[in-house]
Amino acid sequence: MKYHVLTLFPDMIRQAAETSILGRAAKNGFISVETVNIRDFSANKHNRVDDYPYGGGAGMVMEAEPVYRAIESVAQNCSKRPRVIYLTPQGRVLNQTMVEEFAMEEELVLLCGHYEGIDERVLEESVTDYVSIGDYVLTGGELGAMVLIDAVSRFVPGVLSNEESSQFESLQDNLLEYPHYTRPEVWHDRCVPEVLLSGDHKKIEAWRREKSLERTEERRPDLLKKSYQVRSLYYGQGDSAECAEALTRVLSRYGELMDFNRKKLRKTRWSFGKNDLLLFFMDDIDEEFCQVFMNGRKTPACLILSREISSEKKALLTDMLDKQKIRVLDCMDLEELQGEEALKRAGIQIRQKVLEL
Ligand code: 4G3
C-alpha cells in the first residue's frame, strides 16, 4: 500500500510512520508513506496557503489552488485515479468495515486540513471520501490520517507477523474482546478462570464467546444490534464443505458449520432469528433439501451456489427460503471463491450487505 499524505506538517506524519510496526512495514517494503507539503504548491511568493473567509468570521481558510496542485502532483503518478480521503469531523465515522475496504486499494491520498478548513470548491472537485475518526475536533487532520494509516496497514499482507495476525480479532464479529490472562495463576488474590487451565479447547472457545457477548452487552450494547451469529450450512459432495469452512473463518471467529448432508440435521426443525446470518453453500439443490424446516424471522442469508445448479433448482431454493421468512441478500458462485483474495472480497461484500440492513 502506498499512502500519500498532503499536509502542512509533514514531520508529524514522518515521525509516526517510521515508528514501531509501521516503520518495520515500510522498511520491508509492504507500505510506503510519502508526505507532500501543501506549502510547496503555494501560488504566492510568501508561500502563503490560507486566506480570510468570504463573508467574514474568525480564522483562516486554506486556498483551493495549492491543495488542488498538491493532489494532482500525486494523482498524475498513480496507475488509476486514486481515492482522495479528506479527514474532517464532517465525514463518515471510520469503522472496521471501512478500514478493510480502504485496504483493498493500491494507493490512498490523505488530505489533512488546518485552520477552519479548506475552500469547499477543491473538495467538491477532488475529494472522493470524507472520513472522520470520531466525534471530536483536532487541531489538524494529521492524527486522523495516522489513525487511518495504522488501522488500514494491519490489513495489508506482510505488515503483521503471524503472531500479530489480524485474522481473529474482537471487532470481526462486532463483539468486544474477551479478557486475557497470563502468569502467575494467582495475583493479588485474583485467580485465572478455571476453564482456561482445563486444556479443553472447545470449552475455552465457548467461554470466550460468552465473555465477549457479556462484555459487549455491558459496555457497548449498541454493537450487539450489528452483531451476527454466522451459521454456515453446506450440502452436496463437491467443494461446498471446504468453501464453507474458509468463508466462515473470514467472517467470524465463532461461526458455526453445519453439514446438511447429515440426515439428522435435515430432520431437525430449525429456528433462526434476526441476528443470525445464514450462509448456504450448495453443490446441488434437490427436493430433499427443500423439505428442511427452517423458521426464520427476516433472517438475512447469502447463497453460495455451484455454477452447475440449474436456474430452476435455484428458483426452488429461493422460493423455499422466502416462504420460511429467510431473506436472501446476496448470491455468489461457489467456484469463484477460490484463494485468499477472493474470500476476503466476498467477506467484505457480505458484511457490507448485512450492515446496510
Ligand atoms: C477540516 C478531523 C479539518 C475541517 C480533522 C477541522 C477532527 C477530525 C479540520 C475542520 C480535524 C476527525 C481539522 N478534527 N474527527 N481537524 O476526524 O473543521
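Refer to the structure presented above.
The sections below set out a description of the structure shown in this document.

Reading the values: the criteria
- Residue numbers run consecutively from 1 along every chain, following the written order of its sequence.
- With pLDDT at 70 or above as the cut-off, local features in this predicted model cover only qualifying residues; side-chain atom pairs require 80 or more to be listed or tallied, and sums for whole chains, interfaces and linings still use all residues.
- Water and hydrogen atoms play no part in the side-chain values, which are based on all heavy atoms of the structure.
- Salt-bridge detection follows one rule: a side-chain nitrogen of Lys or Arg within 4 Å of a carboxyl oxygen of Asp or Glu.
- Numbered from the N terminus, helices here are DSSP runs of H or I no shorter than four residues, and strands are runs of E no shorter than two.
- Only protein chains enter the area calculation, which uses a 1.4 Å probe; residues under 20% of their type maximum are buried, those over 50% are exposed, and those in between are partly exposed.
- For two strands to count as paired, DSSP must find a minimum of two bridges between them.
- A clockwise path from the first strand over the helix to the second, with the strands pointing away from the viewer, defines a right-handed crossover.
- Residues enter patches when their relative accessible area tops 30% and they take part in no salt bridge; the joining distance is 9 Å for like charges and 5 Å for the nonpolar side chains Val, Leu, Ile, Met, Phe, Trp and Tyr.
- Surface accessibility follows the Shrake-Rupley procedure with a 1.4 Å probe radius. Residue values consider only the protein chains on display as shielding.
- In this charge count, Lys and Arg are treated as positive and Asp and Glu as negative; neither His nor the chain ends contribute.
- Charge positions come from single atoms, namely NZ of Lys, CZ of Arg, CG of Asp or CD of Glu.

Some words on the pattern of salt bridges
Right, on to step 1. For the coordinates displayed, the defined rule picks out 24 salt bridges.
Right, on to step 2. The partner of K80 in a salt bridge is E105, with the nearest N and O atoms 3.2 Å apart. One end of the pair, K80, is in the loop between α3 (64–75) and β5 (83–93); the other, E105, is in the loop between α4 (96–102) and β6 (107–112), with 25 residues separating them in the sequence.
Right, on to step 3. Judged by relative accessible area, which is 16%, E105 ranks as buried.
Right, on to step 4. Here K353 ties to D330 by a salt bridge, and the two come within 3.8 Å at their closest N and O atoms. Residue K353 is located in helix α13 (residues 340–355), and its partner D330 is located in strand β16 (residues 326–333); the two are separated by 23 residues in the primary sequence.
Right, on to step 5. K353 gets classed as partly exposed once you look at its relative accessible area, which sits at 28%.
Right, on to step 6. Salt bridges here are not isolated pairs; linked through shared partners, they connect K80, R83, E101, E105 and D129.

Structural notes on the pairing of β16
Right, on to step 1. Alignment of strand β15 (residues 299–305) against β16, held across seven bridges, turns out to be parallel. Looking at the pairing, T299 lines up with I326 of β16.
Right, on to step 2. Taken together, β15, helix α12 (residues 311–323) and β16 constitute a β-α-β crossover, and its handedness is right-handed.

Remarks on the pairing of strand β1 (residues 2–7)
Regular strands place their side chains on alternate faces of the sheet.
Right, on to step 1. Burial within β1 is extensive, with five of its six residues counted as buried.
Right, on to step 2. As paired elements, β1 and strand β2 (residues 32–37) share six bridges and run parallel to each other. Across the sheet, the residue bridging to Y3 is V33, located in β2.
Right, on to step 3. Note: β1 against β6, five bridges, orientation parallel. Counterpart to H4 in the pairing with β6 is V109.

Concerning a negative patch on the surface
Right, on to step 1. Together, D239, E242, E245, E308 and E335 line one region of the surface with negative charge.
Right, on to step 2. Within the secondary structure, D239 sits in the loop between β10 (229–235) and α9 (240–251).
Right, on to step 3. For D239, a relative accessible area of 41% gives the class partly exposed.

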